[in-house]
Amino acid sequence: MNRGAVVAILSMLFYFSSLLGGQAPQPVEPLVPAGQQQALEVLGRRAELALEALTVRAAPFAEAQALGVIKQDTEPVVILDRQDGWYRIRPSSGPVGWVPEYGLRLLKEAPKEGGPMLLGLYEPESPAYETLLQHSSHLTALAPLGWSLGSGGQITANFDPVDMGRSLYFAGNQELLTFGHIQVPASPTQLLASPQLKEQALRGLVQLTEEWGLKGLLVHLAYTPGPEQADLLAFLTALRGELAARGRRTLISLPWQEGLDYGAAGRGADFLLLHSSPGTQGPGPLAALPELEAMLEAVTQTVDPGKIILSLPTSGLDWTRTGTAQEISHGEALELAARHGAKIRWDASSMTPYFHYGNGREVWFENRYSLKYKLELVTKYRLGGAALSGLGQEDPAIWQGAAANLIG
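Computed from a predicted model, the values in this text were never measured in an experiment.

Draft legend 1. Summary view of the overall build of the protein. On a plain count of helices and strands, the protein comes out with 13 helices and 21 strands. Taking all 408 residues of the protein together, 53% fall into the buried category. Taking all contacts inside the protein whose residues are at least 6 apart in sequence as the whole, residues at least 24 apart take part in 65%. For the protein, the exposed area adds up to about 18100 Å²; of that, 50% sits on carbon and sulfur atoms.

Draft legend 2. The nonpolar core, seen in detail. The biggest cluster of nonpolar side chains holds 75 residues, and the ones touching the most others in it are W147, F235, L254 and L391. Take this core: its biggest share by element is six residues, from helix 8 (residues 229-244). The residues touching L254, leaving out its near neighbours within four places in the chain, are L221, L260, Y262, A265, L272, L273, L274 and H275. Residues M117, L251, F271 and A387 belong to the second largest nonpolar core, which totals 13 residues.

Draft legend 3. Focus on the confidence of the model for the protein. The share of residues in the protein with pLDDT of 70 or more is 88%, and the mean pLDDT across the chain is 86. The secondary structure element of the protein with the lowest average pLDDT is helix 2 (residues 17-21), at 33, and the one with the highest is strand 18 (residues 345-347), at 97. Low confidence marks residues 1-31, where pLDDT is under 50. Its contacts with residues over four positions away, or in another chain, come to 63 contacts.

Draft legend 4. Main features of a nonpolar patch on the surface. Nonpolar side chains collect at one region of the surface, where W346, Y369 and Y373 lie side by side and expose about 320 Å² of accessible area between them. With respect to the secondary-structure elements, W346 resides in strand 18. The exposure class assigned to W346 is partly exposed, which follows from its relative accessible area of 35%.

Draft legend 5. Summary view of the side chain of N367. For N367, the position within the fold is in the loop between strand 20 (361-365) and helix 12 (368-380). Judged by relative accessible area, N367 falls into the buried class, the value being 11%. Polar contacts involving the side chain of N367 include one to the main-chain amide nitrogen of Y369, which spans 3.0 Å. Not counting residues up to four positions away in its chain, the partners in contact with N367 are H330, W346, P353, D395 and I398.

Draft legend 6. Here's a closer look at unusual backbone geometry. Although it is not a glycine, M351 sits at a positive phi angle of roughly 60°. The residue M351 is located in the loop between strand 18 and strand 19 (352-357) in this model. Of the residues examined, M351 reaches a relative accessible area of 13% and is grouped as buried. With a phi close to 55°, R382 is a non-glycine residue in the positive phi region. You can see R382 is positioned in the loop between helix 12 and strand 21 (385-389).

Draft legend 7. Focus on the pattern of salt bridges. By the definition in use, this model includes 13 salt bridges. For the salt bridge of E242 with R246, the shortest nitrogen-to-oxygen distance reads 3.2 Å. The exposure class assigned to R246 is partly exposed, which follows from its relative accessible area of 38%. For K372, the salt bridge goes to E376, with nearest N and O atoms at 2.6 Å. Placement of both K372 and E376 in helix 12 is noted, with a separation of four residues, approximately one turn of the helix. For E376, a relative accessible area of 38% gives the class partly exposed. Through salt bridges with shared partners, a single network forms among E210, E242 and R246.

Thresholds applied
- Residues numbered from 1 in each chain as written.
- Predicted model: local features only at pLDDT ≥ 70, side-chain atom pairs only at ≥ 80, totals over all residues.
- Heavy atoms only, no water.
- Helix = DSSP H or I, 4+ residues; strand = E, 2+ residues; numbered from the N terminus.
- Buried < 20%, exposed > 50% of the residue type's maximum accessible area, 1.4 Å probe, protein only.
- Contact = heavy atoms within 4.5 Å.
- Areas by Shrake-Rupley, 256 points an atom, 1.4 Å probe, with all protein chains shown as cover.
- Core = buried A, V, L, I, M, F, W, Y, C linked by side-chain atoms within 4.5 Å.
- pLDDT = per-residue confidence, 0-100.
- Patch = residues over 30% accessible without salt bridge, like charges linked within 9 Å, V, L, I, M, F, W, Y side chains within 5 Å.
- Salt bridge = Lys/Arg side-chain N within 4 Å of Asp/Glu carboxyl O.
- Polar contact = N/O pair within 3.5 Å; in protein donor to acceptor, adjacent residues only side chain to side chain.

Here it is as structure tokens:
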């Protein structure tokens, strides 16, 4: 297990309320009992059978109900838990259950660097964890959402630290790069006007990466910067310097908007995550292929394509007649179409499926085919990689298709 995973669990054991709310540090009770620490050390590890066959049981003891048998020629299994000399495993096919430790041989994971990045964006307590269990071998990096940077530079966290620690431990055991996903919801005007606050915020952000064993930070600008843009990018450039001195990376997530200085942003980060915004003129997709191409054509004029990560949604939008939309998953879109007997159509312009139902409602969503066309832009423009947002909401078939082909 790598050092990042070790630090992550230590941060869970000695978590301070100051990280959550900026108050005076007050130690809290340990979050992970000693017995569970041993389980986390192998969470997400892959293993092969050391015996010709193993019986998978419903509980960690020899007399427990037999659920099935796995054989030595099966694909490596993923370990979910460890208890009293037994591993709880997830095979590629067959029942999830318990097998004795002596029947497995742990595999050494190799770091997944050198090719295009495939970054997963997710909320730790969401259905994304199931996606990680099944498809993490296709990912090279993870960025769990949970932190935000306030106007005065205060860092707040809104997540269950046990869920966060579990997913980061899983990522560490899989040798995935981990980036803390920090939202900047509005202009940090107070911070940018005060050298003292900027220095304090830089220290806090660096400390966050150390406490959680992260490989860097993904700063997501959830608003469009205005007059303060130059000062904000200068602050992020300083952050990059602080993190780089410690062997960590900085990623900046920006929308496709007029007036943004992508060249300056590119100089202030190791990678830029670019994402298009859904149309405001009425029903349409979250990411249309022509708009993505126009964005890349423009930004690659001032930013090295190898520094660009194309951010793509995996979900969809359910539009009302009044022009408002609610985000829904791929599975919810299919269930909605089936329930209303709606015919799913294909929009050849945006390369996105859609359907009509009810009283003037429209649903536009992503599936294996739409994401295939959009992920191919990574190769076409020689980008640094792609990011899939909303893990757990995707069409499961993408992992056997375009996403698998992206990193080989």
